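Summary of structural features
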Amino acid sequence: MKRRIDTKAVHSGDPRPRLQGSIVTPIFQTAMYEYNNENRYPNRYIRLNNTPNQLFLNEKLSALEEAEAAMVMTSGMAAISTTLFSVLAPGGHLLCQEALYGGTYDLLTKDFADFGLSYDLIDATKPSSWKDKLKSNTKAIYVESVTNPLMQVADHKAVVEFAKSHGLVSIIDSTFSSPINFRPVQIGYDLVLHSCTKYLNGHSDIVAGAVIGKAELVEKISHKLNHFGSTLDPHAAFLLNRGLKTLAVRVRQQNQTALKLAQFLEQHPALAKVYYPGLESHPQHQIARELFDGFGGMLSFELKNGEEATKRLLERLEIPTVAPSLGGVESLIIRPSVTSHSGLTPQERHRAGISDWLLRLSVGLEAAEDLIEDFSQALV
Ligand SMILES: *Cc1c(COP(=O)(O)O)cnc(C)c1O
């Protein structure tokens, strides 16, 4: 029977019949496994990502994304770099969205050339501009489901179509959406990447990543991964599996709270601009409405009175903690210009539309009313 995503988050991947009747799947804290008839070469070994806690998770993740295969690994960056090296090498060229996660942007700008790889940036909201950037060695197109920190939404259907018509692998970092809000494989993406550190684990206590999608591509990536060695430890795999069980309720609650907060902020006289795909004022609101089941727990905004008002707000806020990262149960707020996007030059930031005093908020699971009251008292 086809199960709904909430049920899959709780049960998919966990072994049936239950091991020793155990309701919670135990941690297989063993690096090596006996070599016997059922367990042939390549043997089970943690680095090879073929031990029970890893396999259970792979199955749950492919069920959630409705994909053929999945592979967990040590971090979101491990998933991104291993995937790109596998898909592009040797000598490949990548088309990728302008506003990328900082680590991904650094991988392209600082490491790609060392490995004979190249890239061009595209405006992912303007499909007509992409063809000019194609090269004979272009192998893939890479976007994020919702970008950081301005919450831009690419023309995802056009990305998939473009990839199909030019023989490219379509890759999406869907960290900001999670499979609760968007399942990119359903619209034709080949590979979906996650920093499981964020929503999928959801408790800000481990680092993990995953690549999910076409079995043939995931298999190819797994061979590189075996040599690069970015394996997820069984204990972290256990915690990620536990976090995933509550994914649906967490993300839906965060969607609701973020929308209420975005609406509150948008009408507040101290605010100059609010960026949230769930607001009708958002330039890609229609695409988000069409493709997403929820608009996410991330939003950003600018105050009218720049420096002074922003500093005062950060001092006065009692609930959100000033800290990077996202997707956990606690609300976190940062200034991208001095944190996630401090690696860009002021001109690059300006071109990307990221003002010096922009704030980005990851909405947690505190009561929406408490967060609104807190912003209300802090925005004086
Ligand atoms: C955090 C993040 C990453 C990197 O993930 P790590 O788990 O920290 O390696 C990649 N992409 C996005 C969109 C992220 O938010």
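Residues numbered from 1 in each chain as written. Predicted model: local features only at pLDDT ≥ 70, side-chain atom pairs only at ≥ 80, totals over all residues. Heavy atoms only, no water.

**Digging into the domain arrangement of the protein**
Size of an interface: often given as the accessible area lost when the parts come together. Split into domains, the protein comes out as domain 1 (5-244) and domain 2 (248-378). Between domain 1 and domain 2 the total buried area reaches about 2900 Å² when both faces are included, carbon and sulfur atoms providing 59% of it. Counting the surface domain 1 buries against domain 2, the share from its top three residues, Leu150, Asn181 and Tyr199, is 25%. Joining domain 1 to domain 2, the criterion identifies 3 salt bridges. For Arg183, the salt bridge goes to Asp293, with nearest N and O atoms at 2.8 Å. Counting the contacts that link domain 1 with domain 2 gives 17 residue pairs in polar contact (both at pLDDT 80 or more). Residue assignment for the side of domain 1 that touches domain 2 shows that the elements contributing at least two residues are helix H1 (5-11), helix H4 (102-111), helix H5 (156-165), helix H6 (178-181) and helix H8 (234-245). The leading source of residues in the side of domain 1 that touches domain 2 is H6, at 3 residues. Of the residues contributing to the side of domain 1 that touches domain 2, the split by class is 16 nonpolar, 14 polar and 5 charged. (Domains from an automatic or database assignment. Buried area = accessible area lost by both parts, 1.4 Å probe. Salt bridge = Lys/Arg side-chain N within 4 Å of Asp/Glu carboxyl O. Polar contact = N/O pair within 3.5 Å; in protein donor to acceptor, adjacent residues only side chain to side chain. Helix = DSSP H or I, 4+ residues; strand = E, 2+ residues; numbered from the N terminus. Nonpolar A, V, L, I, M, F, W, Y, C, P; charged D, E, K, R; others polar.)

**Some thoughts on unusual backbone geometry**
Glycine aside, residues mostly have negative phi angles, and peptide bonds mostly take the trans form. That bond from Arg16 to Pro17 is cis: its omega, -5°, falls within 30 degrees of zero. With an omega dihedral of 0°, the bond running from Asn148 to Pro149 counts as a cis peptide bond. Within the secondary structure, Pro149 sits in the loop between strand E4 (138-144) and H5. Here the phi dihedral of Ser204 falls at roughly 55°; this positive angle occurs in a residue that is not glycine. Note on placement: Ser204 falls in the loop between strand E6 (191-195) and strand E7 (209-213).

**Section: the sheet that holds strand E5 (residues 169-173)**
Read from one edge of the open sheet, 7 strands run E1-E7-E6-E5-E4-E2-E3, paired in mixed fashion. The two strands at the open ends of the sheet, each matched to only one other strand, are strand E1 (69-73) and strand E3 (118-122). In this sheet, neighbouring strand axes are inclined to one another by 20° on average, regardless of whether the strands run parallel or antiparallel. The strands touched by helix H2 (residues 52-65) are E1, E6 and E7; relative to E1, the strand with the most contacts, the crossing angle is about 130°. (Pairing = 2+ DSSP bridges. Axes fitted to C-alpha atoms, helices over the stretch in contact; angles between N-to-C directions. Contact = heavy atoms within 4.5 Å.)

**Quick look at the nonpolar core**
Ile141, Leu240, Leu265, Leu299, Phe301, Leu313 and Phe375 are the most contacted members of the largest nonpolar core, which totals 80 residues. When residues in this core are grouped by element, the largest group, 8 residues, is from helix H9 (residues 247-266). The residues contacting Phe301, other than those within four sequence positions of it, are Leu265, Leu271, Lys273, Val274, Tyr275, Leu313, Ile333, Trp357, Leu358, Leu359, Leu361 and Phe375. Grouped together as the second largest cluster of nonpolar side chains are 30 residues, Ile80, Ala140, Leu191 and Leu217 included. (Core = buried A, V, L, I, M, F, W, Y, C linked by side-chain atoms within 4.5 Å. Buried < 20%, exposed > 50% of the residue type's maximum accessible area, 1.4 Å probe, protein only.)

**Quick notes on the packing of H2 against H8**
Look at H2 against H8: their axes get within 9 Å of each other, and the N-to-C directions meet at 30°. It follows from the interaxial angle that H2 and H8 lie roughly parallel. Remark: the crossing between H2 and H8 carries left-handed chirality. Between H2 and H8, the residues in contact are Asn53, Leu57, Lys60, Leu61 and Leu64 and Pro234, Ala237, Leu240, Asn241, Leu244 and Lys245, respectively. Of the residues contributing to the contact of H2 with H8, the split by class is 7 nonpolar, 2 polar and 2 charged. (Parallel < 35°, antiparallel > 145°, perpendicular 65-115°, else oblique. Left-handed = near helix turned anticlockwise from the far one by under 90°.)

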